[in-house]
Amino acid sequence: MNRYNFKSIETKWQNYWEKNKSFKVKTDPSKKKFYCLEMFPYPSGKIHMGHVRNYTIGDVLARYKFLKGYNVLHPMGWDSFGMPAENAAKQNNLDPKKWTETNILNMKTQLKKLGLSIDWDREISTCNKDYYKHQQAFFLELFEKKLVYRKENYVNWDPIDETVLANEQVIDGKGWRSGAIVERKKLSQWFFNISKFSQELLDGLEKLNSWPNKVKIMQKNWIGKSFGCEIDFRIEGDLPVNNIKCFTTRPDTLFGFSFLALSIDHEVSKFFRDNKDFLRFKNECSKTGTTEEAIAVGEKIGFKTNLKAINPLNPKQKVPVYFANFVLMDYGFGAVFGCPAHDQRDFDFAKKYDLEIKTVVKPFDKNKNFKVINEAYPGPGILINSGFLNDLEAPEESVLKTIEVLEEKKLGRKQINFRLKDWGVSRQRYWGCPIPIAYDENGKAYPIPKSMLPVELPENIDLNVKGNPLDTQNTWREVTIDGKKLLRETDTLDTFVCSSWYYLRFCSPRETAYGFKKEDIDYWMPVDQYIGGVEHAILHLLYSRFFMQALSYENSDFKILEPFNGLFTQGMVCHETYKDPDNNWISPDELEIIDGKKYLKKNKSIIVSVGPSESMSKSKKNTIDPENIINNYGADAARLFILSDSPPEKDVQWSEEGILSSYKFIQKLWNLNEKVINEIKKDHSNDADTEIKKFTNKYLKKIHDNLESFSYNKIVANLYEMYSFLSKQIEKPYTKHTLTDNYQKILIVMTPIIPHFANECLNILNIKDIKWPDYDLSMLKEELVNIVIQINGKKRALIQTKPNIDEEKLFEIIMNNEKIIKYLDQKTIKRKIFIKDKLLNIII
RNA sequence: GGGGCGAUGGUGGAAUUGGUAGACACGCCAGUCUUAGGAACUGGUCGAGCAAUCGGUGAAGGUUCGAGUCCUUUUCGCCCUACCA
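Rules used in this analysis
- Residues numbered from 1 in each chain as written.
- Chains lettered and ligands numbered in written order.
- Predicted model: local features only at pLDDT ≥ 70, side-chain atom pairs only at ≥ 80, totals over all residues.
- Heavy atoms only, no water.
- Core = buried A, V, L, I, M, F, W, Y, C linked by side-chain atoms within 4.5 Å.
- Buried < 20%, exposed > 50% of the residue type's maximum accessible area, 1.4 Å probe, protein only.
- Helix = DSSP H or I, 4+ residues; strand = E, 2+ residues; numbered from the N terminus.
- Contact = heavy atoms within 4.5 Å.
- Near = heavy atom within 4 Å.
- Polar contact = N/O pair within 3.5 Å; in protein donor to acceptor, adjacent residues only side chain to side chain.
- Nonpolar A, V, L, I, M, F, W, Y, C, P; charged D, E, K, R; others polar.
- Pairing = 2+ DSSP bridges.
- Right-handed = clockwise from strand over helix to strand, strands pointing away.
- Phe/Tyr/Trp six-rings, centres within 6.5 Å; stacked < 30°, edge-to-face > 60°.
- Lys NZ or Arg CZ within 6 Å of the ring centre and 35° of its normal.
- Arc of directions from axis to C-beta.
- Salt bridge = Lys/Arg side-chain N within 4 Å of Asp/Glu carboxyl O.
- Axes fitted to C-alpha atoms, helices over the stretch in contact; angles between N-to-C directions.
- Parallel < 35°, antiparallel > 145°, perpendicular 65-115°, else oblique.
- Left-handed = near helix turned anticlockwise from the far one by under 90°.

Participant: Explanation requested: the nonpolar core in the structure shown.
Facilitator: Note that soluble globular proteins tend to have their nonpolar side chains buried in a common cluster. The biggest cluster of nonpolar side chains holds 88 residues, and the ones touching the most others in it are Tyr35, Phe192, Tyr502, Tyr503 and Leu504. By residue number, the principal contributor to this core is helix H16 (residues 539-552), which donates nine residues. Tyrosine 35 has contacts with Leu73, Pro75, Tyr503, Phe506, Cys507, Trp524, Met525, Pro526, Val527, Asp528 and Gln529, leaving out every residue within four places of it along the chain. Listed in part, the 86 residues of the second largest apolar core include Tyr4, Phe665, Ile680 and Leu739.

The structure is reproduced here in structure tokens:
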């Protein structure tokens, strides 16, 4: 027997697909389409196992749909703007563009070795001016629609990367990449008005039935809609402040009002600009970090003003006004009305400053003398000590009633509040898409005319300067528009902008007039299946959804509101971790395993301890290089293994034993293939034909169902089962026609998983017309069925009979079964439960 | 603090609507064979027991003829989010 030479065979098929452009597609409304998209990679230089998993999952789906007769759009591109290129360029004195292009070339070669069914003619790269030109046009389009605006605002400033971060890029008060403690800085920034579409983005989630619930919940929480009331508090005191607005979801607890708390950035703070005590307090607030720990324990501190706030429902009551560290400026109005009895933070604050704690809601099971003592009671109940609100049910009844009264008095009004903030898109970075704006000497912003696009990034510039390198490009900055001399914006766009519309570009990748062609997106969009990591659940996916809202806004031609019809989030790839006695991480390549038990460091007999399996990361040195795997075991083995062990949505553990067994399995399939070819030549009688037909049909259904439900790990199990059947049954008498036909079907359903191997075998059999084989429902009926016989719900016997047997007949049969008779032991049968062809339960 | 997901052999995981728990794979054990290979093949592998049997899906209850699956309580783990008024 020949050994299966994966190297030559995989190369042969990859060349074949490339040469024949097997996966090239065109817009063709006469065909049913399927748009299969995986999140495009950042060109870091090398693919990692996460990519292998992501793109294998997508490829299985794309190849399956392709064989099913769909016109499948399965493209690939590069999210190629961003900081790593700029950092690498700075460190090694390189050009970010060249660095990026080299990386793309490397990664493209690697991806091709995986045997993906990609239409490479549609390849795009976001740092290419043919791409970002259209992005700049979109920016101007949004500018015209007033969906983009400029605002002087506090921003998160990363002092190491010297750049502004979005709220989402700040994790525990630190920059998501650099880990530096984030500072606050006031800068003029461009914003996309995403909050305008808060309601639309929330409503849209309802229709996304093929999205994981988890992701929808995360987005819902992020948008953070809350129903409540805006209240105007009259203010008395020694400052020219008459009125302070608050947002609250619990206006019904107003009778428990005991203080008003303001954010340190509230506009009232301007009167304290020169107050040393206030400045000291402000400084202290900034020290109480924003880490998880600090917030959990977080002491509530305040700075008392001489102002008094008047309770709108009880004008006689006047309470102190504080600045407090727990009030956020960017939620509501940066002011909170304090009701200590029914809010834990207010409670903590009141305890500290000895403020009144008045109970106004009692739980349903407590009497009217209920008093809040040790902790706040935020739950539902009945209003007490609250004048006209007494005896109403909280929160529903009481909140509505309070709003009604406040509206009458013109001291408040119903309000819906969203947590979602506008999207700041300015970045003080070189390697990004230039913002197509220029300013006159007064700082007034002018859009660059569309005829002058793209605003190209200058090349070959010195990056080793503090701040944004574009600030130093004086010649580049100067631009004349309508005879006016202006200076260009030097900020570039957040790279999330690039990835917010790339899926549209894949539909018309070479269109020059606009970012896409209407007839192309009308045909291909929305993406039928989007596949990627759950880490993009909020940002990228929400921004992309916003982009569709923005493009369709005031534009009846653009009707796509949701870009991704189906979403699948795959799990991570994990590997065991290893450490030497000095607690240094050891990579799997440095290991030597003796007798499968002893782990030693190669060439040194240092004993290595084995740690838990964790997601692959360079810092823990538990990564496996896909290129080595492909070179050693082949792409098919890698694909087979990465799909085999765990369901695609869960984490998978990479192991040497696992990849080896997949490799061996392909060799076994190859040996089987030679046997099958021999048997086909023999052309036996048809004695076993029905048997193999039934078998094949059963597995066609299983695989079909598993493909449709993303149960790819079960498909691998199905392949093993099919191998097991064939290798045992192959010498039975089949006619040439039946064996060929069935074996061919089995090979075809293997092609999505192990395309090189399966196509090679099909080719040897000279099968050219490859279509997905449908199963035949009528053939799924079994000639014999197993019926479980239970006594009192416990399985006692298994009877094999013809299907459709009725209860009486079955009972007759089992009355001759010694085992059963023994159990019945002359006892009276109280009841019988019969389910046809499945079960008979006898109750005694 | 809020929200979500999960818990099944030594391991990863199967188990369509409640109806044979442990498919398939790894690992392990035993054996066969050889041109000694990254071998291949055959059999076994939830626990206890010689066996008949009995017990068994994190724990405790419940519904049901019957529960891994449904309900209640609880423990643990993971993920997201967070002073959101």
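Participant: I keep staring at unusual backbone geometry and nothing clicks. Help me out?
Facilitator: What you tend to see is this: most non-glycine residues have negative phi, and most peptide bonds are trans. Cis geometry marks the peptide bond from alanine 394 to proline 395, where omega comes out at 0 degrees. Along the polypeptide, proline 395 turns up in the loop between strand S18 (393-394) and helix H11 (396-408). Of note, the amide linkage connecting methionine 525 to proline 526 takes the cis form, showing an omega dihedral of 0 degrees. With respect to the element layout, proline 526 can be found in the loop between helix H15 (518-524) and strand S28 (529-533). One non-glycine residue with positive phi stands out, namely lysine 410, at about 55 degrees. By secondary structure assignment, the location of lysine 410 is in the loop between H11 and strand S19 (412-418). Accessibility expressed as a relative area gives 67% for lysine 410, which makes it exposed. Positive phi, close to 70 degrees, is recorded for asparagine 583, a residue that is not glycine. On the accessibility criterion, asparagine 583 (53% relative accessible area) is exposed.

Participant: Sorry, what's going on with the protein's contact with RNA strand B here?
Facilitator: In the vicinity of RNA strand B lie 53 residues, with Thr249, Phe326, Tyr633, Lys714 and Asn841 positioned nearest. The sugar and phosphate moieties of RNA strand B supply 58% of its atoms located within 4 Å of the protein. The contact in question runs from a base nitrogen of RNA strand B to an N or O atom on the side chain of tyrosine 633, over 2.6 Å. Contact between RNA strand B and asparagine 841: a base oxygen at 2.4 Å from a side-chain N or O atom of the residue. Broken down by class, the residue content of the surface near RNA strand B amounts to 24 nonpolar, 12 polar and 17 charged.

Participant: Hey, could you run me through the pairing of strand S1 (residues 33-38) in this one?
Facilitator: Strand residues, when the strand is regular, have side chains that alternate between the two faces of the sheet. Where burial is concerned, most of S1 is hidden: six out of the six residues are buried. Neither face of S1 is open: one carries Lys33, Tyr35 and Leu37, the other Phe34, Cys36 and Glu38, and all of them are buried. In the sheet, S1 pairs with strand S2 (residues 71-73) via three bridges, with the strands oriented parallel. Opposite phenylalanine 34, over in S2, you have valine 72 as the bridge partner. Chirality of the crossover, the property in question, places the unit of S1, helix H2 (residues 49-67) and S2 among those that are right-handed. The pairing of S1 with S28 spans three bridges and is classified as parallel. Note on S28: the bridge partner recorded for cysteine 36 is glutamine 529.

Participant: Could you clarify how one ought to interpret the packing of aromatic side chains in this entry?
Facilitator: For any pair of aromatic rings, geometry is given as the distance between the ring centres together with the angle between the planes. Per the counting criterion, the structure on display carries 66 aromatic pairs. The interplanar angle of 15 degrees and the centroid separation of 4.1 Å between the aromatic rings of tyrosine 530 and phenylalanine 564 together place this pair among those described as stacked. Of this pair, tyrosine 530 sits in strand S28 while phenylalanine 564 sits in the loop between H16 and strand S29 (567-570), placing them 34 residues apart in sequence. Ring centres of phenylalanine 641 and tryptophan 654 lie 4.9 Å apart, and the angle between their planes is 85 degrees; on these two criteria the pair is classed as edge-to-face. Of the two residues, phenylalanine 641 sits in helix H18 (residues 635-644) while tryptophan 654 sits in the loop between strand S35 (652-653) and helix H19 (656-682), which places them 13 residues apart along the sequence. When its relative accessible area of 2% is taken as the criterion, phenylalanine 641 is described as buried. Given the relative accessible area of 4%, tryptophan 654 is considered buried. One residue, arginine 488, lies across the ring of tryptophan 476, its end atom 5.6 Å from the ring centre.

Participant: Explain the environment of cysteine 285 to me, please; I cannot follow it from the model alone.
Facilitator: With respect to the secondary-structure elements, cysteine 285 resides in helix H8 (residues 276-287). A relative accessible area of 10% places cysteine 285 in the buried class. C-alpha separation for the pair cysteine 285 and lysine 300, spaced 15 residues apart in sequence, amounts to 9.6 Å.

Participant: Help me out: how do you make sense of helix H24 (residues 807-814) in this one?
Facilitator: The periodicity of an α-helix, 3.6 residues per turn, causes residues three or four positions apart to be oriented the same way. When we look at burial in H24, the residues that qualify are Leu810, Phe811 and Ile814. Take H24 and look down its axis: the buried residues cluster within an arc of 100 degrees, on one side only. Exposed side of H24, more than 90 degrees from the buried face: Glu808, Lys809 and Glu812 are the residues found there. Of the surrounding elements, those touching the buried residues of H24 are strand S36 (785-791), strand S37 (794-801), helix H25 (818-824), strand S38 (831-835) and strand S39 (839-843).

Participant: Please explain the pattern of salt bridges as it appears in this structure.
Facilitator: Close approach of charged atoms lets side chains of opposite charge pair. Tallied over the entire structure, the rule returns 35 salt bridges. Where arginine 63 meets aspartate 59, a salt bridge forms, and the shortest distance between an N and an O atom there is 2.9 Å. Placement of both arginine 63 and aspartate 59 in helix H2 is noted, with a separation of four residues, approximately one turn of the helix. Arginine 427 is paired through a salt bridge with aspartate 494; the nearest N and O atoms lie 3.1 Å apart. Remark: aspartate 494 occurs in the loop between strand S27 (492-493) and helix H13 (495-498) and arginine 427 occurs in strand S21 (residues 426-427); sequence separation between them is 67 residues. Each member of the pair, arginine 427 as well as aspartate 494, is classed as buried. Here the residues in one salt-bridge network are Glu230, Asp232, Lys245 and Arg413, joined through shared partners.

Participant: Can you help me understand the packing of H18 against H19 in this one?
Facilitator: Two numbers describe a pair of packed helices, the interaxial angle and the distance between the axes. Look at H18 against H19: their axes get within 8 Å of each other, and the N-to-C directions meet at 120 degrees. If you check the angle between H18 and H19, you find them oblique. Classified by chirality, the crossing of H19 by H18 is right-handed. Between H18 and H19, the contacting residues are Asp636, Ala637, Ala638, Leu640 and Phe641 on the first element and Gly658, Ile659, Ser662, Tyr663, Phe665 and Ile666 on the second. Residue composition of the contact of H18 with H19, grouped by class: eight nonpolar, two polar and one charged.

Participant: Quick question: what am I supposed to make of the side chain of asparagine 417 here?
Facilitator: With respect to the helices and strands, asparagine 417 occurs in strand S19. Judged by its relative accessible area of 11%, asparagine 417 falls in the buried class.

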